[in-house]
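Each chain is listed here by its residues.
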Amino acid sequence: MRRRTCILFSIIYIGILSINLQANGQSIRKIIADAEKQTWLMLSEIEKAKSSAVSRGDGKNPAFSPRSLSTGGNLTLVSSSDWTSGFFPGNLWLLYELTGNELWADRARLFTTEMEKEKLNAKTHDMGFKIWCSFGNGFRLKSDPVYREIIIESARTLSTRFNPLVGCIRSWDHNADKWKFPVIVDNLMNLELLFAATRFTGDSSFFRIAVSHANTTLRNHYRPDNSSFHVVDYDPATGSVIQKNTHQGLSDDSSWSRGQAWGLYGYTMCFRETGDSLYLKHAEKIAAYILNHPNLPDDLIPYWDFSLENTEGEPRDASAAAITASALFELCTLSEYGIYYHRMAEKMINSLAKNYRSAPGANRGFILDHSTGSKRGGTEIDVPLIYADYYFLEANKRQRSLKNHKGLAKKNN
Ligand code: GLY
């Protein structure tokens, strides 16, 4: 009863907010108009960059999808095998959804088509990032049955990386001398594709793999303070945990900021897909960890790792904030703490819009600046990253959908 009353109050609160369109923030309409201008610029920059040396083709397939900027400020393009390749097609679909302009859908189709070969790439866990952001958004918006089949095929391929003894999908094949069966917290993001495949086919095996992965990750990746390890390595022959490490965080015991954001988004999505309150409670615990952390700056944009002893001069990670804001805009429709989450998501997205966007016409068309890919690896530090733009657009979309539906849309996806 208490939960129902709180959720009802959340709905009324969000409804009231809809009358007062971001009184203290940037208007969503202006943010979207600016994002469109940046993306037109990016489309022309992509054409220029295709022939340049900084394009990171994988040797077989051409580089076509923007990922970041090189140290010289050039656009870096990747081919479809890169984990970030699906985000730009996703941005184009989100712009179509946000504006209704078919020109964006036309561009989105072109870039999405380039992704199809990934449906058979079983060498990585990143299928969800690649296929769900591109074909998943495309199918949601256009219902093309060809896209649906590609999503199902991709889920089949991803499922081949599941080990029932471990109870997880294997994340990486690289660093085989270091890890036997590494599972990274990011991998939760790929489960959305599996939930969809069960909805599309009625075959519950995808759903069961997703639930097993989510439960095993909850058991082994999370510490008593509700922060997450980055990598857990398993023995594939017994399923037992061998070691817990980091790859992009400050140290094995630290709390890498984007990893916390992936977990929040992942368990919020798992609750939406399953209705299992275990996931909702876990998402609420992760949200509390992030939002109450003493190292979270007043502007709510985290440093690249929450465990830094001295944050002086350390880079922020706007991508972690964008993922967190988008997750909170969904969690606020599902949780009894919805009013609080909605307020924090608005603050976070306003902060990104106000102080972390590229200047108009700058950064070769990226929407946000100041993300950090891997401080530990010395790469992509304090730069634009395409996935920050994707989750920023999605957060704006979710926020606008709450306003349009006066908070009554329980599933604002
Ligand atoms: N999934 C890779 C990353 O977040 O850097």
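Described below are features of the structure shown in this document. (Residues numbered from 1 in each chain as written. Predicted model: local features only at pLDDT ≥ 70, side-chain atom pairs only at ≥ 80, totals over all residues. Heavy atoms only, no water.)

With respect to spatial proximity, the complete set of residues near the ligand consists of Trp83, Asp186, Gln248, Trp256, Arg258 and Trp262. Taking Asp186, its side chain carries an N or O atom lying 2.8 Å from a nitrogen atom of the ligand. Within the side chain of Arg258, a nitrogen or oxygen atom sits 2.7 Å from an oxygen atom of the ligand. Relative to its unbound accessible surface of 200 Å², the ligand loses 92% to contact with the protein. In this structure, the ligand is accommodated by the largest pocket. (Near = heavy atom within 4 Å. Polar contact = N/O pair within 3.5 Å; in protein donor to acceptor, adjacent residues only side chain to side chain. Areas by Shrake-Rupley, 256 points an atom, 1.4 Å probe, with all protein chains shown as cover. 1 Å grid on protein atoms, 1.4 Å probe; cavity = no way out; pocket = protein on both sides within 12 Å on 5 of 7 lines; lining within 4 Å. Sits in = over half its atoms within 2 Å of the grid points.)

In this section: the sheet that holds strand S5 (residues 182-184). The strand order S5-S6-S7 describes an open sheet built from three strands, whose pairing is antiparallel. Bordering the open sheet on either side are S5 and strand S7 (241-245), each of which pairs with just one other strand. Each adjacent strand pair in this sheet contributes to an overall mean axis angle of 20°, direction not counted. Direction of pairing for strand S6 (residues 231-234) relative to S7: antiparallel, over a ladder of four bridges. Opposite Val231, over in S7, you have Asn245 as the bridge partner. Contacting S5, S6 and S7, helix H8 (residues 204-221) crosses the sheet at an angle of about 105° to S6. (Pairing = 2+ DSSP bridges. Helix = DSSP H or I, 4+ residues; strand = E, 2+ residues; numbered from the N terminus. Axes fitted to C-alpha atoms, helices over the stretch in contact; angles between N-to-C directions. Contact = heavy atoms within 4.5 Å.)

A few words now on helix H3 (residues 87-99). Helix length check: H3, at 13 residues, gives a terminal C-alpha distance of 18 Å against a target of 18 Å (1.5 Å per residue), a fit within 8%. Here H3 lies mainly inside the structure; eleven of its 13 residues are buried. Regarding H3, the residues found buried are Phe87, Phe88, Pro89, Gly90, Asn91, Leu92, Trp93, Leu94, Leu95, Tyr96 and Leu98. Here the buried face of H3 lies against helix H2 (28-49), strand S1 (65-69), helix H4 (102-113), helix H5 (127-142), helix H6 (145-159) and helix H13 (386-404). Positive backbone phi, approximately 75°, marks Gly100, located one or two places after H3. (Expected span 1.5 Å × (residues − 1). Buried < 20%, exposed > 50% of the residue type's maximum accessible area, 1.4 Å probe, protein only.)

Contact pair helix H10 (residues 277-291) / helix H12 (residues 338-355): the axes reach a minimum separation of 12 Å and the direction vectors enclose 45°. Taken together, the axes of H10 and H12 lie oblique to each other. Remark: the crossing between H10 and H12 carries left-handed chirality. For the pair H10 and H12, contact is made by Glu284, Ala287 and Leu291 and by Tyr340, Tyr341, Met344 and Met348, respectively. Residues that form the contact of H10 with H12 fall into these classes: six nonpolar, no polar and one charged. (Parallel < 35°, antiparallel > 145°, perpendicular 65-115°, else oblique. Left-handed = near helix turned anticlockwise from the far one by under 90°. Nonpolar A, V, L, I, M, F, W, Y, C, P; charged D, E, K, R; others polar.)

What follows covers the packing of aromatic side chains. Following the criterion strictly, the structure yields 26 aromatic pairs and no others. Arranged with centres 6.1 Å apart and planes meeting at 35°, the rings of Phe64 and Phe111 form a pair that is tilted. Separated by 47 residues along the polypeptide, Phe64 in the loop between H2 and S1 and Phe111 in helix H4 bring together distant segments of the chain. A relative accessible area of 10% places Phe111 in the buried class. When the centroid spacing of 5.5 Å and the interplanar angle of 75° are considered together, the rings of Tyr265 and Tyr391 count as edge-to-face. Remark: Tyr391 occurs in helix H13 and Tyr265 occurs in helix H9 (residues 257-274); sequence separation between them is 126 residues. Of the two residues, Tyr265 and Tyr391, neither departs from the other in class, the shared state being buried. Among the aromatic side chains, those forming a connected cluster through ring pairs are Trp83, Phe87, Phe129, Trp262, Tyr265, Tyr387, Tyr390 and Tyr391. The aromatic ring of Phe229 is capped on one face by Arg223, whose charged end is 4.0 Å from the ring centroid. Of note, Arg316 hangs over the ring of Tyr303, and the distance from its end group to the ring centre comes to 4.7 Å. (Phe/Tyr/Trp six-rings, centres within 6.5 Å; stacked < 30°, edge-to-face > 60°. Lys NZ or Arg CZ within 6 Å of the ring centre and 35° of its normal.)

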